[in-house]
Amino acid sequence: MKIALGTDHAGFQYKEKIKEFLQEQGHQVKDFGTFSPEPVDYPLFVRPAAQSVAAGESERGIVFGGSGNGEAIVANRIPGIRCTLCWDLETARLARRHNDANVLSLGARLISLESAVEIVRTWLSTPFDGGRHLRRIRLIDPQKGVNVPSPSTDSSAPLFPSSKPRGEAPPSAKYDVMIAFRYLKYFEGDQSLEFRLDPNLKTPSVIHVPSEERWKKELPEWARDRRDEILERLKKKCSHMECIWEEY
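This write-up is about the structure you can find in this document. What you see is a predicted model, and the numbers here were worked out from it, not measured in a lab. (Residues numbered from 1 in each chain as written. Predicted model: local features only at pLDDT ≥ 70, side-chain atom pairs only at ≥ 80, totals over all residues. Heavy atoms only, no water.)

**What about the overall build of the chain?**
Applicable threshold: Strands are runs of DSSP state E lasting at least two residues, helices are runs of H or I lasting at least four, and both sets are numbered from the N terminus onward. Any residue under 20% of the maximum accessible area for its type is buried, any over 50% is exposed, and the rest in between are partly exposed; the area is computed with a 1.4 Å probe on protein chains only. Whether two residues are in contact is decided by their heavy atoms, any of which lying within 4.5 Å being enough.
Helices and strands together make up the secondary structure of the chain, namely eight helices and ten strands. Counting across all 248 residues of the chain, residues that qualify as buried make up 48%. Nonlocal contacts in the chain, meaning residues at least 24 apart in sequence, comprise 62% of its contacts between residues at least 6 apart.

**Looking at the environment of D129**
Let me state the cut-off plainly: Polar contacts, as used here, are pairs of N or O atoms within 3.5 Å; protein pairs need one atom able to donate a hydrogen and one able to accept it. Residues neighboring in sequence count only if both atoms are side-chain atoms.
Turning to its location among the elements, D129 is positioned in the loop between helix 5 (113–125) and helix 6 (132–140). A residue is classified by how much of its surface remains accessible, and D129, at 17% relative accessible area, is buried. Taking the C-alpha atoms as reference points, D129 and R97, 32 residues apart in sequence, are found 4.9 Å from one another. The residues contacting D129, other than those within four sequence positions of it, are R97, H98 and D190. Separated by 3.0 Å, the side chains of D129 and R97 make a polar contact.

**Concerning the nonpolar core**
Put simply, the test is: Throughout, nonpolar core names a set of buried Ala, Val, Leu, Ile, Met, Phe, Trp, Tyr and Cys residues whose side chains join them through atoms within 4.5 Å.
Core analysis: the largest hydrophobic core is formed by 22 residues, its most contacted members being I18, L22, I62, L104, L106, V120 and W123. When residues of this core are traced back to their parent elements, those giving at least two are strand 1 (2–7), helix 1 (12–24), strand 3 (60–65), helix 4 (89–97), strand 5 (103–107) and helix 5. Top contributing element to this core by residue count: helix 5, with six residues. Setting aside anything within four residues of it in sequence, one finds I18 in contact with I62, F64, A116, V117 and V120. Counting residues in each nonpolar core, the second largest holds 18 residues, with I179, Y186, L193 and M241 among its members.

**Observations regarding the sheet that holds strand 4 (residues 83–85)**
Spelled out, the test is: Should DSSP find at least two bridges between two strands, the strands are regarded as paired. Whenever a helix is involved, its axis is fitted only over the stretch in contact; in every case the axis is a line through C-alpha atoms, and angles between N-to-C directions fall within 0 to 180 degrees.
One open sheet holds the five strands; their spatial order is 2-1-3-5-4, and the pairing between them is parallel. Edge positions in the open sheet fall to strand 2 (28–31) and strand 4, since each of these has one partner strand only. For this sheet the average axis-to-axis angle between neighbouring strands, irrespective of direction, equals 25°.

**Section: helix 4**
Since the α-helix packs 3.6 residues into each turn, any two residues three or four apart lie on the same face. Selection criterion: In this description, the arc belongs to the directions extending from the helix axis to the C-beta atoms.
Residues of helix 4 that are buried: T91, A92, A95 and R96. Seen end-on, helix 4 carries its buried residues on one side only, within an arc spanning 130°. In this fold, the buried residues of helix 4 make contact with strand 3, strand 4 and helix 5. The residue sitting at the N-terminus of helix 4 and contributing the capping side-chain oxygen is D88; that oxygen lies 3.3 Å from the backbone nitrogen of E90.

**Let's talk about the sheet that holds strand 6 (residues 175–179)**
With antiparallel pairing, the three strands of this open sheet are ordered in space as 6-7-8. For this open sheet the edge positions go to strand 6 and strand 8 (191–196), each flanked by a neighbour on one side alone. The average angle at which neighbouring strand axes cross in this sheet is 15°, direction not considered. Two elements, strand 7 (residues 183–188) and strand 8, share six bridges in a ladder whose sense is antiparallel. Residue pairing in the sheet places Y186 in a bridge with L193 of strand 8. Here helix 6 sits on the sheet and contacts strand 6 and strand 7; the angle it forms with strand 6, its principal contact strand, is near 30°. Against the sheet, helix 8 (residues 227–237) engages strand 6, strand 7 and strand 8, with an angle of about 55° to strand 6.

**Some details on the packing of helix 2 (residues 43–54) against helix 3 (residues 69–76)**
Helix-helix packing is described using two parameters, namely the angle between the two axes and the distance between the axes. Convention followed: Each angle gets one of four labels, with under 35 degrees taken as roughly parallel, over 145 as roughly antiparallel, 65 to 115 as roughly perpendicular, and the rest as oblique. Handedness of a crossing follows from how the near helix is turned relative to the far one, being left-handed for an anticlockwise turn of less than a right angle and right-handed for a clockwise one. Residues are grouped as follows: Ala, Val, Leu, Ile, Met, Phe, Trp, Tyr, Cys and Pro are nonpolar; Asp, Glu, Lys and Arg are charged; every other residue, Gly included, is polar.
Contact geometry of helix 2 with helix 3 gives a least axis separation of 9 Å together with a crossing angle of 45°. Taken together, the axis directions place helix 2 and helix 3 in an arrangement best described as oblique. Crossing of helix 2 over helix 3 shows right-handed handedness. Mapping the contact onto sequence places P43, V46, R47 and A50 in helix 2 and E71, V74 and A75 in helix 3. Looking at the contact of helix 2 with helix 3 residue by residue, the classes come out as five nonpolar, no polar and two charged.

Written out as structure tokens, the structure reads:
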């Protein structure tokens, strides 16, 4: 995973340790500074890290400060960013499960380094739940190409109703697609798939999908034998876009 980092002087030491941890885990890190403990102004380093995520150059971002509050505020000024301030494992899990957070903010003066590492580990490994949470995310920061429910929509009704247990989404299950700035998300019941979308700064946009061989090897079992069906559904939802479907 490509991860952008940004910090002020208060979070410098944590940033360096987390960077080392991420690289050991096999992630690619783009470090936007700062690069010393000398006092600096945090927006100058946090904003570029958040912009890297919004532009699709990085898949996630982690920002650091004394409390993490100012850093989260700066990051969330960038359209498409959902930055959450986390201080324990539960807030990290919920940030991903309920908010699909793409940037994490950590307060180096409020948590131990050991806790920060575990928060990062949990935050990176926790998937988004989708369902009703997708509907709510759509209402936060609607973007071009994202179908936002009208105000009259019954918010108590599940977006993807299904009587099947988790992991048993049948071919006839209701589905939906979230089109964001840097990815497509296909939802079916409680299940989801994510496909990378090159940032649509110019057209046509490029949507990356696994080859037939990779699809059968890498995708979850419920979707493994349904490549043509799911791609047809994706293309139908994206018919308003000028795009190229590129296999990898």
